[in-house]
Amino acid sequence: MPSVQVLYFARAREATGGLTEETFALDPAAADTEHLKTALVARHPGLGSVLESAVLAVNQEYATQVLALKERDEVAIIPPISGG
C-alpha cells in the first residue's frame, strides 16, 4: 500500500484542524491524485470546498491532470491566494 506525504497550506490547513502535513496510505488500485482527493475529503470533510479551487503539486510540480502516485510521493494542497 503506497504512502504519500500530504502537505496542507492556508485554507487547506484550516480545514484539517491545523495539520501542516500527514502521511496518507493509498489503496494500490486507487493510487492517483483524483482518488487521493476523495479519500482526503472522507477524512477531512472541510477540505471538499477547498479542493474545488485548490491546485495540487506532486513532488514540487503542479499536477494539471490526474497523476499516478507512488510510495513516498509528496502532494501539496495549494489553495488560491489573494493579496493586495
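Going by the structure above, here's the rest.
Anyway, here's the lowdown on the structure attached to this text. All of these numbers come straight from a predicted model, not from anything done at the bench.

The next point concerns the pattern of salt bridges. Under the criterion given, the structure shown has three salt bridges. Of the charged contacts, one joins Glu 22 and Arg 43 as a salt bridge, the two residues approaching to 2.6 Å between their closest N and O atoms. Of the two residues, Glu 22 sits in strand β2 (residues 21-25) while Arg 43 sits in helix α2 (residues 33-43), which places them 21 residues apart along the sequence. The class for Glu 22 is buried, based on a relative accessible area of 13%. Note that Lys 37 is salt-bridged to Glu 34, the shortest N-O span being 3.8 Å. Taken together, the residues span about one helical turn, with Lys 37 and Glu 34 both in helix α2 at a distance of three residues. Relative accessible area serves as the criterion here: at 39%, Glu 34 is assigned to the partly exposed category.

Mapping Asp 73 onto the fold places it in the loop between β4 (61-62) and β5 (74-78). At 2.9 Å, the side chain of Asp 73 forms a polar contact with the side chain of Asn 59. Setting aside residues up to four positions removed in sequence, Asp 73 forms contacts with Ser 3, Val 4, Gln 5, Val 58, Asn 59 and Ala 68.

Take the sheet that holds strand β3 (residues 55-58) next. Sheet architecture is open: five strands sit in the order β2-β1-β5-β3-β4, paired in mixed fashion. In this open sheet, the two strands that pair with only one neighbour each are β2 and β4. Taken together, the four bridges between strand β1 (residues 3-8) and β5 define a ladder with parallel strand orientation. Directly across from Leu 7, in β5, lies its bridge partner Ala 76.

Criteria and cut-off values
- Residues numbered from 1 in each chain as written.
- Predicted model: local features only at pLDDT ≥ 70, side-chain atom pairs only at ≥ 80, totals over all residues.
- Heavy atoms only, no water.
- Salt bridge = Lys/Arg side-chain N within 4 Å of Asp/Glu carboxyl O.
- Helix = DSSP H or I, 4+ residues; strand = E, 2+ residues; numbered from the N terminus.
- Buried < 20%, exposed > 50% of the residue type's maximum accessible area, 1.4 Å probe, protein only.
- Polar contact = N/O pair within 3.5 Å; in protein donor to acceptor, adjacent residues only side chain to side chain.
- Contact = heavy atoms within 4.5 Å.
- Pairing = 2+ DSSP bridges.

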